[in-house]
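Here's the letter readout for the chains.
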Amino acid sequence: MKEILINLLVKHEGEKLHVYNCPAGFATIGVGRNLQTKGLTKEECDYLKLNVYEKNAVIAKLEVRGITKEESRYLLSNDIDYFTDDLSKRLSWFISLPEMAKIVIVNMAFNLGTEALLKFSKTLSLINSGKFKEASKEMLNSAWAKQVGN
């Protein structure tokens, strides 16, 4: 599942190995890692050998050195783990879903954030009931689908 998500998210979000400003104006790197709101964990800073941990110092260092593709994928893998764990805790039925349904929900959570995803109550209810076609129609009729496009 993770490899499929990595490929989809790289395709949908893009991957930039240098710091850039996302559409909302936040310093971002890799596959959508927001350095201002999410930042990097101590473990991630150590993996990247940054030798700094404070958010602004991390951003400044990454603006100079960027990251490698391997480092980008490491951060993305951590993000996928985070959303998978978060959804497993917050949606009791998430674990029992077919793999493709999990992939769709994690992809949406990555794009929207978990809190915003949970507001898709009708869509989530349909997914929980195994009504995947109806759920996809709900998703496609949302403002979110119009914003993210194909």
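Residues numbered from 1 in each chain as written. Predicted model: local features only at pLDDT ≥ 70, side-chain atom pairs only at ≥ 80, totals over all residues. Heavy atoms only, no water.

Peer 1: Explanation requested: the sheet that holds strand S1 (residues 16-21) in the structure shown.
Peer 2: Strand-to-strand pairing in sheets goes through backbone hydrogen bonds, with the strands running parallel or antiparallel. Reading across the sheet, the three strands line up as S1-S2-S3 and stay open at both edges, with antiparallel pairing between neighbours. A single partner strand is all that each edge strand has here, and the edge strands are S1 and strand S3 (33-34). (Pairing = 2+ DSSP bridges. Helix = DSSP H or I, 4+ residues; strand = E, 2+ residues; numbered from the N terminus.)

Peer 1: Would you take a moment to explain the packing of aromatic side chains for this structure?
Peer 2: Aromatic ring pairs are reported here in terms of the distance separating the ring centres and the angle at which the planes meet. Following the criterion strictly, the structure yields three aromatic pairs and no others. Where Tyr 82 meets Phe 83, the ring centres are 5.1 Å apart and the plane angle is 75°; that geometry is what we call edge-to-face. Between Phe 83 and Phe 110, the ring centres sit 6.1 Å apart and the planes meet at 65°, which makes this aromatic pair edge-to-face. You can see Phe 83 sitting in helix H4 (residues 69-90) and its partner Phe 110 sitting in helix H5 (residues 99-112), a full 27 residues away along the chain. For Phe 83, a relative accessible area of 11% translates into the label buried. Residue Phe 110 is classed as buried on the basis of its relative accessible area, which comes to 11%. These aromatic residues form a ring-pair network of at least three members: Tyr 82, Phe 83 and Phe 110. The ring centre of Tyr 20 lies 4.5 Å from the NZ or CZ of Lys 16, which sits over that ring. In this structure, Lys 38 packs its charged tip against the face of Tyr 82, placed 4.5 Å from the ring centre. (Phe/Tyr/Trp six-rings, centres within 6.5 Å; stacked < 30°, edge-to-face > 60°. Buried < 20%, exposed > 50% of the residue type's maximum accessible area, 1.4 Å probe, protein only. Lys NZ or Arg CZ within 6 Å of the ring centre and 35° of its normal.)

Peer 1: Would you mind going over H4 with me for this structure?
Peer 2: What sets the pattern is the α-helix's 3.6 residues per turn: residues three or four places apart point alike. The terminal C-alpha atoms of H4 lie 31 Å apart, and with 22 residues this matches the ideal 32 Å at 1.5 Å per residue to within 8%. Those residues of H4 not exposed but buried are Glu 71, Ser 72, Leu 75, Leu 76, Ser 77, Asp 79, Ile 80, Phe 83, Thr 84, Asp 86 and Leu 87. (Expected span 1.5 Å × (residues − 1).)

Peer 1: Help me understand the side chain of Thr 84, please; the structure alone is not making it clear to me.
Peer 2: Residue placement: Thr 84 occurs in helix H4. A relative accessible area of 18% means that Thr 84 is categorised as buried. Of the polar contacts made by the side chain of Thr 84, one reaches the backbone oxygen of Ile 80; its length is 2.8 Å. (Polar contact = N/O pair within 3.5 Å; in protein donor to acceptor, adjacent residues only side chain to side chain.)

Peer 1: So what exactly am I meant to see when it comes to the pattern of salt bridges here?
Peer 2: Opposite charge on two side chains allows them to pair when their charged atoms are near. The final tally for this structure, using the stated rule, is 10 salt bridges. Among the salt bridges present, the one from Arg 90 reaches Asp 86, with a minimum N-O distance of 3.6 Å. A residue pair is termed a helical-turn pair when its members lie 3 or 4 positions apart in one helix, as Arg 90 and Asp 86 do in helix H4 at four residues. The exposure class assigned to Arg 90 is partly exposed, which follows from its relative accessible area of 37%. Members of the salt-bridge network, linked through shared partners, are Arg 33, Lys 38, Glu 44 and Asp 79. (Salt bridge = Lys/Arg side-chain N within 4 Å of Asp/Glu carboxyl O.)

Spatial relationships are all this shows, so hold off on functional conclusions.
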